[in-house]
Amino acid sequence: MSAFPGPATSYHGFERYDFVVDGCAAIVVAPHEIAKGRPWVWRAEFFDHQPGPDLGLLDHGFHLAFLEVNNTFGCPWAMDRWESFYAELTGKYNFAPKSALIGLSRGGLYCYNWAARHPERVSCLYADAAVCDFKSWPYGYGKATNNMTEWNKLLKDYGFASEEEALAYKGNPIDNLEPLAKAGIPLLHVFGDADKAVPWEENTKIVQERYEALGGHIELIRKPGVDHHPHGLEDPTPIVEFILKATAQAETEA
């Protein structure tokens, strides 16, 4: 098993390593004591934003991983780079074959798309004020505010030939939950019920209804009167405990 490349820097008192995988900047943070099985948590987007759950898991012996894919909305190009990162971490560094996923806001697109592509590689998914349908955000077909700059970038990143093709796309997280349910992946959604940017009714609520109809397990933590920000919880313990429980269950099923 190889050591991580480069000199270590400090991340909240933990050792952080920065290197490059498949042309993308990668970050791995190591715990003080590595837990049995080398579990890890994979954050999509916004590294070090509201890091309470990440730090809590580092305290429990998890590695923390992040890959910078240039704000590409979980598009196929980004997922291909995730393939390379996963192969690097599980192959060269012997990380556990299943990771816990953390998706804040647009990070939800990456996590759900990866889980649908590789449900056998995911122990659980924690989504926070998560985008689960890009027709909601950034397109703004319902309550959400349209963000044309992000929408036009998304069209390019996904390679859609037209807006009409994007709106007819059936690969959004809300459309692609069956692989996760069949694999028994537990979901946790934390959301503000006054979210204007990513309305929970157009995202989390639809995921909940469809996932439960498929027989999947999903837990919700509602933050009454809270808008899109702040993400997370003042006390991240419920999130950390959810991931610890799911990781332990995944290990017993391995």
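Above this text sits the structure in question.
Quantities reported herein were computed from a predicted structural model and do not represent experimental measurements.

The rules behind each value
- Residues numbered from 1 in each chain as written.
- Predicted model: local features only at pLDDT ≥ 70, side-chain atom pairs only at ≥ 80, totals over all residues.
- Heavy atoms only, no water.
- Helix = DSSP H or I, 4+ residues; strand = E, 2+ residues; numbered from the N terminus.
- Rg over C-alpha atoms; globule rule 2.2 N^0.38 Å.
- Buried < 20%, exposed > 50% of the residue type's maximum accessible area, 1.4 Å probe, protein only.
- Areas by Shrake-Rupley, 256 points an atom, 1.4 Å probe, with all protein chains shown as cover.
- Lys, Arg positive; Asp, Glu negative; His and termini not counted.
- Charge placed at Lys NZ, Arg CZ, Asp CG, Glu CD.
- 1 Å grid on protein atoms, 1.4 Å probe; cavity = no way out; pocket = protein on both sides within 12 Å on 5 of 7 lines; lining within 4 Å.
- Points joined across faces, edges and corners; volume = space filled by probe spheres on them.
- Nonpolar A, V, L, I, M, F, W, Y, C, P; charged D, E, K, R; others polar.
- Axes fitted to C-alpha atoms, helices over the stretch in contact; angles between N-to-C directions.
- Parallel < 35°, antiparallel > 145°, perpendicular 65-115°, else oblique.
- Left-handed = near helix turned anticlockwise from the far one by under 90°.
- Contact = heavy atoms within 4.5 Å.
- Salt bridge = Lys/Arg side-chain N within 4 Å of Asp/Glu carboxyl O.
- Polar contact = N/O pair within 3.5 Å; in protein donor to acceptor, adjacent residues only side chain to side chain.

Novice: Would you mind showing me how to read the overall build of the protein here?
Specialist: Assigned secondary structure in the protein consists of eight helices and nine strands. For a compact globule of 254 residues, the expected C-alpha radius of gyration is about 18 Å, and the protein comes in at 17 Å, within 12% of that figure. For the C-alpha atoms alone, the extent of the protein along its principal axes is close to 50 × 35 × 30 Å. Put simply, the protein has 254 residues, and 54% of those count as buried. Surface accessibility of the protein: about 10,800 Å² in total, with carbon and sulfur atoms responsible for 51%. Taken as two groups, the 22 positive and 35 negative side-chain charges of the protein have centres that lie 3 Å from each other.

Novice: When you look at the layout of surface pockets in this model, what are you seeing that I'm missing?
Specialist: Think of a ball as big as a water molecule: rolled over the atoms, this probe shows where empty space is left. Roughly 300 Å³ of volume is contained in the largest pocket. Around the largest pocket sit 19 residues that line it, and Ser-123, Gly-184, Pro-186, Ala-246 and Gln-249 are the ones nearest its centre. Mapped onto the lining of the largest pocket, the elements with two or more residues apiece are strand S7 (122–128), helix H6 (178–183) and helix H8 (237–253). Considering every element that reaches the lining of the largest pocket, the biggest residue donor is H8, with six residues. Split by residue class, the lining of the largest pocket holds nine nonpolar, six polar and four charged.

Novice: Can you walk me through the packing of helix H1 (residues 52–59) against H8 in this structure?
Specialist: When two helices pack together, you describe them by how their axes are tilted relative to each other and by the distance separating the axes. H8 packs onto H1 with a crossing angle of 50 degrees between their chain directions and a minimal axis gap of 9 Å. Taken together, the axes of H1 and H8 are oblique relative to one another. With respect to the hand of their crossing, H1 and H8 are arranged in right-handed fashion. Residues Pro-53, Gly-56 and Leu-57 of H1 lie in contact with H8, whose contacting residues are Ile-239, Val-240, Ile-243 and Leu-244.

Novice: How do you make sense of unusual backbone geometry when you look at a structure like this?
Specialist: Of all residues except glycine, most have a negative phi; of all peptide bonds, most are trans. Geometrically, the link from Trp-137 to Pro-138 is a cis peptide bond, its omega value of 15 degrees lying close to zero. Here Pro-138 shows up in the loop between S7 and helix H4 (148–158). Pro-230 follows His-229 through a cis peptide bond whose omega is 0 degrees. For Pro-230, the position within the fold is in the loop between strand S9 (218–223) and H8. Phi is positive for Gln-50, close to 50 degrees, though the residue is something other than glycine. If you trace the backbone, Gln-50 turns up in the loop between strand S4 (40–44) and H1. The class for Gln-50 is partly exposed, based on a relative accessible area of 35%.

Novice: Looking at this structure, I do not really get the side chain of Glu-45. What am I missing?
Specialist: Looking at the element boundaries, Glu-45 is found in the loop between S4 and H1. Buried Glu-45, no salt bridge; nearest opposite-charge side chain is Arg-106, N-O distance 5.7 Å. One polar contact links Glu-45 to Tyr-110, side chain to side chain, over a distance of 2.6 Å. Not counting chain neighbours up to four residues away, the residues in contact with Glu-45 comprise Phe-66, Asn-71, Thr-72, Arg-106, Gly-107 and Tyr-110.

Novice: For this particular structure, what's the right way to read the side chain of Thr-72?
Specialist: Position of Thr-72 among the secondary structure elements: in the loop between strand S5 (63–67) and helix H2 (76–92). Contact partners of Thr-72, with chain neighbours within four places excluded, come to Glu-45, Trp-77, Ala-78, Tyr-110, Lys-153, Asp-157 and Tyr-158.

Novice: Before we go on, may I ask you to explain the pattern of salt bridges in this structure?
Specialist: Oppositely charged side chains can form a pair if their charged atoms are brought close together. Counted according to the given criterion, the structure contains 16 salt bridges. Of the charged contacts, one joins Arg-16 and Asp-18 as a salt bridge, the two residues approaching to 2.8 Å between their closest N and O atoms. We note a salt bridge from Glu-83 to Arg-121, for which the minimum N-O separation is 3.1 Å. Linking Glu-83 in helix H2 with Arg-121 in the loop between helix H3 (107–117) and S7, this pair joins segments that are 38 residues apart in sequence. Salt bridges linked by common partners bring Asp-80, Glu-83, Arg-117, Glu-120 and Arg-121 together as one network.

Novice: Just checking my understanding: could you explain empty space enclosed by the protein for this structure?
Specialist: Going through the model one piece at a time under the given rule, you end up with one cavity of 30 Å³ or more. Volume-wise, the largest cavity comes out at about 40 Å³. Every residue along the wall of the largest cavity is listed here: Ala-44, Glu-45, Phe-66, Leu-67, Glu-68, Val-69, Asn-70, Asn-71, Trp-82 and Tyr-110. A class-by-class count of the residues in the lining of the largest cavity yields six nonpolar, two polar and two charged.

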